[in-house]
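# A closer look at the structure
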Amino acid sequence: MGPATAKFDLLDRITKVIAESHDFRGTVDNIVAMVREEMQADVCSLYLYDEKTDQLILVATSGLDQSSIEQVRMSPSEGLTGLVFESKKSLFLQNADKHPSFKYFPETREEEFKTFLGVPLICCRLPVGVLIIQDRENRTYDKIELKLFNAIAGQVSGIVVNAKLLTDLGKGETSPSEHREPSGRSLILRGTPATPGIAMGPAIVMETYDDLHFIIEEQSDNPAAEKRRLQKAFQEGQKEIEALRSRVQERLSAEDATIFNIHLMMLEDQGFKEKVLDLIERGSSATYALKSVIAGYLRSFQEIDDQYLRDRAVDIEDVGRRLIRLMSDKPREGFLHITGEGILITRLITPTDVSNLSTEQVRGIATVAGGHTSHAIILSRSLGIPCVVGIEELLNIVHPGDFIIVDGNTGNVFLNPDQNIVREYQRLLDDYNRHMVELVSEKDFPAVTLDGVKIKLMANAGLVSDLKLIEYYGADGIGLYRTEFPFMARAKLPTEEEQFNIYRKMVEGTGGKPVNIRTLDIGGDKDISYMNMPAEENPFLGWRSIRMLTEKANIFRTQIRAILRAARYGQVGIIIPMVTILEEIRAVKILVEEAKRGLESEKIPFQGDVPVGVMIEVPSAVHLARKIARETDFLTIGTNDLVQYALAVDRNNKMVAHLYDPMNPAILNLINMTSLAARESRIPLGLCGEIAGDPLWTPLLIGLDIPLLSMNSASIPLIKRSIRLLRKDDCQRAAHRALRAGSSAEVKRIMSRFEKVIQSQVLFHPEEAH
């Protein structure tokens, strides 16, 4: 047998095969061949249960005669395979042909095989098939091999539901991306889960008559008239947005309504308007000039690596669509033309769209574009509407009236599923509703391990509109407040007063809980046109973040002044991003002191003792962490960039994205080095990044002595439940072993002991939601 780490790599490979496949037959053929080879077995076979005939049918095999596929059929009460199916328990036998339940099938020549290992495939607590391996000679399997085979069976069980959607047993397959036939066919479409929950009903395909994408180039020989059209649209747009904001505040909350402050800010931005007016002067019509400027903004936002900031592009498109409609004299405000009740199918959903939705009409949403942190998604969460985004082929496949199931937990959208799938999802829906009510009801419970260790759970934020979610999910404060958006949403630098007002709202909005404000982190993929940033061959390793701000001292000093003033209204910390050398920290300290002296001389009230921390997100900062800790008040580990820089991997590059692996032992040791430095200097330590909000990472982070985690607000109940199920001493023992591992597969094997309890008590039956 090969080493254990190689075998767990097999599980990763199978997971990838399943995730990328639209072809059930090819997928299971690949899986049985891979399992047979890696387990060094003589045979690996897959049997599935056919409800119509009440039979177990051989659907894939590696090692038996291929002509036996679909020819070997048995009652669920027959043979060793039937015994595994009915008992829903794994079965390992030597001298299998001597067992009382053994039944001989001539097509398989199974009398040749002495060893039998069978594992049931379970979906929604019901058996759906059996995965088996056989050997001609008696042999044994160790615990690692048995655990691996059970894990593979768990993966395979998930695609059985998909198989029912893709094809009837024994008939051909159709790739969703190639399907263009009339509705009625059963398919599964995969996107990104955006708003949790499950919804089902007929498809409502949305038409966006005023879509920016359909505006063609148009010239005008009357610039004055075009300018008047534009000015009128701006004025009417402002009135509409103010009215919309009032309706959202009445319907949902004041925090939700603040989403539309960004839209008003765009309309009031003279730089934005001047760009449109300039194109009109050059001969463009008002509509085409506006479309061109909006398109330029959208391109800039789409190039940003940060998903949170990239999702703000939807707000820009929303404003553009509104102005285009007003210049086209369309009578109604809303962009949706919805009749009936069901699942909304559309290219993109905007905040305006969501605010006009009736939850009695729209049960769920599926879109071609959009991200899971956009304002439209924030509003859909407030309304409790399940949503899946990013299904490129959606509008080419779904027709009005098709029956749809939206699974916002997994990102799957089922098209015309059979009644068995509908019944299973109805049961899941009932279970999920109970599960989420239970989780959110625990928001005021302390995040304390079984052996009494408190972990602070804080939220990442970027806008005032995030405050409602922070309160709803019970965050201990804001661990990372990104300040980039007010700079990116304007055509010129925000003034000190504008920044102060924004920061003050964030600080007051937390009700006295701590807020850590990260200074402007631009450069790399976040470009601000009016700052005239130079073109660079490799901007991620270039003039960015604190490197730029220490040279553009006036910009940095202005932001620090605004933060110090806002700090009078609560607990505030300042985070300095992208620190690579000690000299950068010392330069920051000088600028902070200059900002304080300036405020004092101008007799402007401010908080003088605001702690200044450093974001540890490059390897050099980790190796200097002990020295950095002596010169700063706290440390925050930014794992997203740390992984990228330490492993030299651009995770947006499909060629190398598979190498972006936070569980690489090198990353764990970098986190541990930083943790040790903070403890030795007795300063606070936190961690932010995607892993902070992943419950399967929680035992490892607790074991590495991370006392504060900052994450997406919606992840907080999941992480809190995980913490309350764990003992720190157990986590530490496992983490210390993981630090000595040689591969991420070995780390996963070490930490797998915690996975079962988290899967069963924290995550919502993931094996049931494929």
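Residues numbered from 1 in each chain as written. Predicted model: local features only at pLDDT ≥ 70, side-chain atom pairs only at ≥ 80, totals over all residues. Heavy atoms only, no water.

Moving on: the overall build of the chain. When helices and strands are tallied, the chain shows 29 helices and 22 strands. With 770 residues in all, the chain has 57% of them scored as buried. Within the chain, residue pairs in contact and separated by at least 24 positions form 68% of the contacts whose partners lie at least 6 positions apart. Summed over all atoms, the accessible surface of the chain reaches about 31,300 Å², with 49% contributed by carbon and sulfur. (Helix = DSSP H or I, 4+ residues; strand = E, 2+ residues; numbered from the N terminus. Buried < 20%, exposed > 50% of the residue type's maximum accessible area, 1.4 Å probe, protein only. Contact = heavy atoms within 4.5 Å. Areas by Shrake-Rupley, 256 points an atom, 1.4 Å probe, with all protein chains shown as cover.)

As a further point, take the environment of Q426. Looking at where Q426 falls in the secondary structure, it is placed in helix α15 (residues 419–440). Spatially, the C-alpha atom of Q426 lies 8.6 Å from that of I198, the residues being 228 residues apart in sequence.

We now examine the sheet that holds strand β7 (residues 187–190). Ordered by their spatial adjacency, 8 strands build an open sheet running β7-β14-β13-β9-β10-β11-β12-β8, and the pairing between neighbours is mixed. In the strand order of this sheet, the two ends are held by β7 and β8 (192–195), each with one partner. For this sheet, the mean angle separating the axes of adjacent strands, direction not counted, is 30°. Here 3 bridges tie strand β9 (residues 198–205) to strand β10 (residues 342–346), and the two strands are oriented parallel to one another. Paired with I204 across the strands is L344, a residue of β10. (Pairing = 2+ DSSP bridges. Axes fitted to C-alpha atoms, helices over the stretch in contact; angles between N-to-C directions.)

Another aspect to go through is the pairing of strand β20 (residues 634–638). For β20, the buried fraction is high: 5 of the 5 residues fall into the buried class. Along β20, one buried face is formed by F634, T636 and G638 and the opposite face, lined by L635 and I637, is buried too. Alignment of strand β19 (residues 612–616) against β20, held across 4 bridges, turns out to be parallel. Within β20, the residue paired with V614 across the bridge is L635.

Looking at the element boundaries, A33 is found in helix α2 (residues 24–38). Residue class for A33 comes out partly exposed when judged on its relative accessible area of 35%. Separated by 10 residues in sequence, A33 and V43 have C-alpha atoms that sit 8.8 Å apart.

Around the barrel, which closes on itself, the 8 strands sit in the order β15-β16-β17-β18-β19-β20-β21-β22 with parallel pairing between neighbours. For this sheet the average axis-to-axis angle between neighbouring strands, irrespective of direction, equals 25°. Bridging between strand β17 (residues 515–518) and strand β18 (residues 572–576) involves 4 bridges; their strand directions are parallel. Across the sheet, R518 pairs through a bridge with I575, a residue of β18. Lying over the sheet, helix α24 (residues 639–646) contacts β20 and β21 (685–688), oriented at roughly 65° with respect to β20.

Let's shift gears to the confidence of the model for the chain. Overall, the predicted model of the chain reaches an average pLDDT of 80, with 77% of residues at or above 70. Counting interchain partners and residues more than four positions distant, the pLDDT-below-50 stretch residues 1–8 has 22 contacts. Note that pLDDT drops below 50 for residues 161–183; the model gives that stretch 63 contacts with residues more than four away or on any other chain. (pLDDT = per-residue confidence, 0-100.)

With that settled, the discussion passes to the nonpolar core. Core analysis: the largest hydrophobic core is formed by 95 residues, its most contacted members being L700 and L709. Dropping the residues within four chain positions of it, L709 is found in contact with I455, K456, L457, M458, L687, A692, L701 and I719. (Core = buried A, V, L, I, M, F, W, Y, C linked by side-chain atoms within 4.5 Å.)

Here we come to the packing of aromatic side chains. Taken as a whole and assessed by the stated rule, the structure comprises 7 aromatic pairs. Residues F500 and Y569 carry aromatic rings whose centres are separated by 6.3 Å and whose planes lie at 50° to one another, so their mutual orientation is tilted. A residue pair is termed long-range when its members are at least 10 positions apart, and F500 in helix α18 (residues 496–509) and Y569 in the loop between α20 (553–566) and β18 qualify at 69 residues. On the accessibility criterion, F500 (7% relative accessible area) is buried. (Phe/Tyr/Trp six-rings, centres within 6.5 Å; stacked < 30°, edge-to-face > 60°.)

It is worth spelling out the pairing of β17 at this point. Burial along β17 is two-sided: the face carrying V515 and I517 and the face carrying N516 and R518 are both buried. As judged from the 3 bridges shared by strand β16 (residues 478–482) and β17, these two strands associate in the parallel manner. What sits directly across from I478, in β17, is V515.

Next up on the list: unusual backbone geometry. Residue E70 is not a glycine yet carries a positive backbone phi of 70°. Looking at the element boundaries, E70 is found in the loop between β2 (55–62) and β3 (73–74). Judged by relative accessible area, E70 falls into the buried class, the value being 19%. Backbone geometry at R682 places phi at a positive 55°, although glycine is not the residue there. Turning to its location among the elements, R682 is positioned in the loop between α25 (665–681) and β21. For R682, a relative accessible area of 80% translates into the label exposed.

Our focus in this paragraph is the pattern of salt bridges. Counted according to the given criterion, the structure contains 25 salt bridges. Across the salt bridge formed by R565 and E496, the nearest N and O atoms sit 2.9 Å from each other. With R565 in helix α20 and E496 in helix α18, this residue pair connects regions lying 69 residues apart in the sequence. By relative accessible area, which is 10% here, R565 ends up buried. Its relative accessible area of 15% is what places E496 among the buried residues. (Salt bridge = Lys/Arg side-chain N within 4 Å of Asp/Glu carboxyl O.)

A few words now on the packing of α20 against helix α21 (residues 582–601). Here α20 crosses α21 at 60°, and the two axes come no closer than 9 Å. Judged by the angle between their axes, α20 and α21 are oblique. Once α20 is placed against α21, the crossing between them reads as right-handed. Facing A553, F556, R557, I560, R561, L564 and R565 of α20, the residues of α21 in contact are V588, L591, V592, E594, A595, K596, G598 and L599. In the contact of α20 with α21, the residues fall into 9 nonpolar, 1 polar and 5 charged. (Parallel < 35°, antiparallel > 145°, perpendicular 65-115°, else oblique. Left-handed = near helix turned anticlockwise from the far one by under 90°. Nonpolar A, V, L, I, M, F, W, Y, C, P; charged D, E, K, R; others polar.)

Counting buried residues in α24 gives 6 out of 8 residues, a clear majority hidden from the surface. Of all the residues in α24, the buried ones are T639, D641, L642, V643, Q644 and Y645. Immediately beyond the C-terminal end of α24, within one or two residues, lies A648, with a positive phi of roughly 55°.

With that settled, the discussion passes to the packing of α18 against α20. The description of two packed helices rests on the angle between their axes and on the distance between the axes. Put simply, α18 and α20 touch, their axes get as near as 8 Å, and they point 40° apart. The orientation of α18 with respect to α20, classified from their angle, is oblique. Where α18 crosses over α20, the handedness of that crossing is right-handed. Contact residues: α18 offers E496, E497, Q499, F500, Y503, R504 and V507, while α20 offers T558, Q559, R561, A562, I563, R565 and A566. Here the residues of the contact of α18 with α20 are counted per class, giving 6 nonpolar, 3 polar and 5 charged.

In this model α18 runs 20 Å from its N-terminal to its C-terminal C-alpha over 14 residues, within 8% of the 20 Å that 1.5 Å per residue would give. Every buried residue of α18 is accounted for by E496, Q499, F500, I502, Y503, M506 and V507. Viewed end-on, α18 has its buried residues packed into an arc of 165°, placing them on one side of the element. The positive-phi residue at the C-terminal boundary of α18 is G511, with phi of around 65°. (Expected span 1.5 Å × (residues − 1). Arc of directions from axis to C-beta.)

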